[in-house]
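Fold and geometry: a report
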Amino acid sequence: MRVSEIMTKDLTAVEKDIPVRELIFILNSAEMPDMPVVDDNGVLIGVISEKDLIKAALPGYFEMLHSTSFIPDLNQLSKKLAKIANDPIEKYMKRDVISISLDDDDLQAADLLIRKNLKSLPVVDKDGRLAGVVRRIDLLRNLL
Amino acid sequence: MIITVTLNPAIDKIYWVDRLRIGQEAQEEFLTRAVRSQTSAGGKGVNISIFLARLGVENVAMGFVGGHTGHVVVRDLRDEGVTTNFVWVEGETRTNVTILERGREFIPIMVDEEGQAVSQIELERFLRRYKRMLPRASWVVLAGSLPPGVDPDIYRVLAAQAKEAGVKVAVMAGGHPLTRVLSAAPDLVKPDTREHLAMERAPLTTRDKIIAAGRKVVAQGVGMVIISHEVIGDLVIIKDSIWDIESRVPATQFKNLVGADDALVGGILYKLYTGAPIEEALRFGMAAGIASAESEEKLCKDVQEIMREMEHIALMPIGGDDAGE
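Scoring rules and cut-offs
- Residues numbered from 1 in each chain as written.
- Chains lettered and ligands numbered in written order.
- Predicted model: local features only at pLDDT ≥ 70, side-chain atom pairs only at ≥ 80, totals over all residues.
- Heavy atoms only, no water.
- Helix = DSSP H or I, 4+ residues; strand = E, 2+ residues; numbered from the N terminus.
- Rg over C-alpha atoms; globule rule 2.2 N^0.38 Å.
- Lys, Arg positive; Asp, Glu negative; His and termini not counted.
- Charge placed at Lys NZ, Arg CZ, Asp CG, Glu CD.
- Core = buried A, V, L, I, M, F, W, Y, C linked by side-chain atoms within 4.5 Å.
- Buried < 20%, exposed > 50% of the residue type's maximum accessible area, 1.4 Å probe, protein only.
- Contact = heavy atoms within 4.5 Å.
- Pairing = 2+ DSSP bridges.
- Right-handed = clockwise from strand over helix to strand, strands pointing away.
- Salt bridge = Lys/Arg side-chain N within 4 Å of Asp/Glu carboxyl O.
- Buried area = accessible area lost by both parts, 1.4 Å probe.
- Polar contact = N/O pair within 3.5 Å; in protein donor to acceptor, adjacent residues only side chain to side chain.
- Nonpolar A, V, L, I, M, F, W, Y, C, P; charged D, E, K, R; others polar.
- Expected span 1.5 Å × (residues − 1).
- Arc of directions from axis to C-beta.
- 1 Å grid on protein atoms, 1.4 Å probe; cavity = no way out; pocket = protein on both sides within 12 Å on 5 of 7 lines; lining within 4 Å.
- Points joined across faces, edges and corners; volume = space filled by probe spheres on them.

What chain B contains, in helices and strands, is nine helices and 14 strands. Taking 20 Å as the expected radius of gyration for a compact globule of 325 residues, we find that chain B reaches 19 Å, a close match to that expectation. Counting only C-alpha atoms, chain B reaches 55 × 45 × 40 Å along its principal axes. Here chain B contributes 37 positively and 45 negatively charged side chains, and the mean placements of these two sets differ by 4 Å.

So, in structure tokens, the structure goes:
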């Protein structure tokens, strides 16, 4: 099957200049673990996740974070988050985005999701514009 | 591709009851049991999106959603094959309740919530998204009421941006949002059936008055005006022609009027989008509206049923003295 047939047809995305505070609200409201970042033409230019925000707030500790027991003090995370809350998200987004095209097949999507350990994969059209997203659950739903 | 904008979407909750006692009739506590209920994503633009998706038309639904009910709206749309692009806002997407009493389904009892307020930042977030979606679209549908906090000028702004981008515009609205959008010269206007009488600030009680009001709107540059004058009849006014379009189905056969107007506009858009002549678009649209009203479901899913319904639709050109001049 083609990616266009299995993907979630959702174009929820953010612009690179929105503040971290706003992104957290959108991630929470939309219940998305990561968010595509697009330019004024809708072209995919990055991705930012909850993980990127935690990393931005606690860069020194992040590599050791296998569980929350490694966080010395949640207040510390809270204070650091408050400090970056008004920063534009472009400071913390990933620019080397892994994406897939509408016409690619579901096997390629599965390969990328598993091999790169991704929760979701942005789908782009021939002009590089965001066209949807493939989540692990989209694959499972279509395989059953 | 078609964009539908529903700034104030809803969950449509429909209850079917055998007998409803309200007002004077209900002198003491009285439990009304629903024999059936249905919950689905709603709002005029949302309904049009679902209708178009069922006919295989690629479309994107935009607007504001919030909270648990916002997720229901988005989920329903995606399940129907509609692409979603909503701005998430604080608060909860509204719920609209309709009660249909057996034998009186053609007179639904409706309770609509006002909707969640939208802040200036949220509105700006929407405007950026809308602007970047326009180059992908050939039609934009601006439909329904506005949430609290949104300027009634918003449809005019959105329509003007679309026209500037070379995108055609259809509007289903009432009150100030409707009167203000007219200056942007949309291609199709369907005044809200419940509010269109406000267009002239005086009751449009006769067919001639409706035609005269429609002519004034077309003179402002609007491509087509569709005004309901009976449950089963609409008047259509364009620059050079006027039609009376009527179904020969009695209103008492209707089982659910929720969404029927949206199916009508969705049907017309579907045909215009696919290059059909205007007369065919109008007959198909009316057939879609009637088929939806005759179905217990909010929107008729069956294209064959709509085609069958077209046999009962009469499209009559109006000219000379009948044209209300």
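With that settled, consider the nonpolar core. One finds Leu23(A) and Ile48(A) to be the most contacted residues of the largest nonpolar core, which totals 73 residues. Sorting elements by how many residues they give to this core places helix H8 (residues 278-294) of chain B first, with nine residues. Among all residues touching Ile48(A), those that are not within four sequence positions of it are Leu23(A), Asp34(A), Met35(A), Val37(A), Leu53(A), Ile89(A), Tyr92(A) and Met93(A).

Residue and element names in this part refer to chain B. Side chains Leu188 and Lys190 of strand E10 (residues 188-191) all project onto a buried face; the interleaved residues Val189 and Pro191 project onto the opposite face, where all are buried too. For strand E9 (residues 168-173) and E10, the ladder comprises four bridges, and the chain directions are parallel. In the strand pairing of E10, Ala170 is matched with Leu188. With respect to chirality, the unit in which E9 leads through helix H5 (residues 175-181) into the neighbouring parallel E10 is right-handed.

Once the charged atoms of two side chains with opposite charge are near each other, the side chains can pair. Within this structure, the stated rule accounts for 31 salt bridges over all chains. Residue Glu90(A) is joined to Arg95(A) by a salt bridge in which the shortest nitrogen-to-oxygen separation is 3.7 Å. Notably, a salt bridge pairs Glu101(B) with Arg104(B), separated by 3.7 Å at the nearest N-O pair. Judged by its relative accessible area of 14%, Glu101(B) is buried.

A word on the sheet that holds strand E5 (residues 130-135) of chain A. Residue and element names in this part refer to chain A. Taken together, three strands build an open sheet; the order of strands is E3-E4-E5 and the sheet is mixed. The sheet is open, and its two edges are formed by strand E3 (100-101) and E5, each paired on a single side. By the bridge criterion, five bridges tie strand E4 (residues 120-124) to E5 in an arrangement that is antiparallel. Looking at E5, one finds that Leu121 is bridged to Val134.

For the rest of this paragraph, the subject is the interface of chain B and chain A. Where interface size is quoted, it is often the accessible area lost as the parts come together. The interface of chain B with chain A comprises 20 residues on the first partner and 21 residues on the second. Where chain B abuts chain A, roughly 1,900 Å² becomes buried across the two surfaces, and 45% of that area is made up of carbon and sulfur atoms. Three residues stand out in chain B for area buried against chain A, namely Arg128(B), Arg132(B) and Arg136(B), and they jointly supply 35% of the buried area on that side. Scanning the region where chain B abuts chain A turns up six salt bridges. Its salt-bridge partner being Glu58(B), residue Lys9(A) comes within 3.7 Å of it at the nearest N-O pair. At the boundary of chain B and chain A, one finds 11 residue pairs in polar contact (both at pLDDT 80 or more). Breaking the side of chain B that touches chain A down by element, the ones donating at least two residues are helix H2 (67-79), strand E5 (83-88) and helix H3 (120-133) of chain B. Considering every element that reaches the side of chain B that touches chain A, the biggest residue donor is H3(B), with six residues. Taken together, the residues of the side of chain B that touches chain A sort by class into seven nonpolar, five polar and eight charged.

All names here are of chain B. Spanning 13 residues, helix H6 (residues 207-219) covers 18 Å between terminal C-alpha atoms, matching the ideal 18 Å at 1.5 Å per step. For H6, the set of buried residues is Ile210, Ile211, Ala213, Gly214, Val217 and Val218. Seen end-on, H6 carries its buried residues on one side only, within an arc spanning 165 degrees. Facing away from the buried surface of H6 by more than 90 degrees, the exposed residues are Lys216 and Ala219. Positive backbone phi, at 110 degrees, marks Gly221, one or two positions downstream of H6.

Before going further, it helps to spend a moment on the environment of Ala110(A). All names here are of chain A. The residue Ala110 is located in helix H5 (residues 106-115) in this model. Overall, the relative accessible area of 18% leaves Ala110 in the buried class. For the pair Ala110 and Asp10, spaced 100 residues apart in sequence, the C-alpha to C-alpha distance is 19 Å.

The subject of this paragraph is empty space enclosed by the protein. Here the structure, examined in full by the defined rule, presents three cavities of 30 Å³ or more. Reported here for the largest cavity is a volume of approximately 50 Å³. Lining the largest cavity are Leu11(A), Ala13(A), Val38(A), Gly42(A), Leu130(A), Asn85(B), Arg132(B), Met133(B) and Arg136(B). Split into classes, the residues belonging to the lining of the largest cavity amount to five nonpolar, two polar and two charged.

Nothing here speaks to function; it is all geometry.
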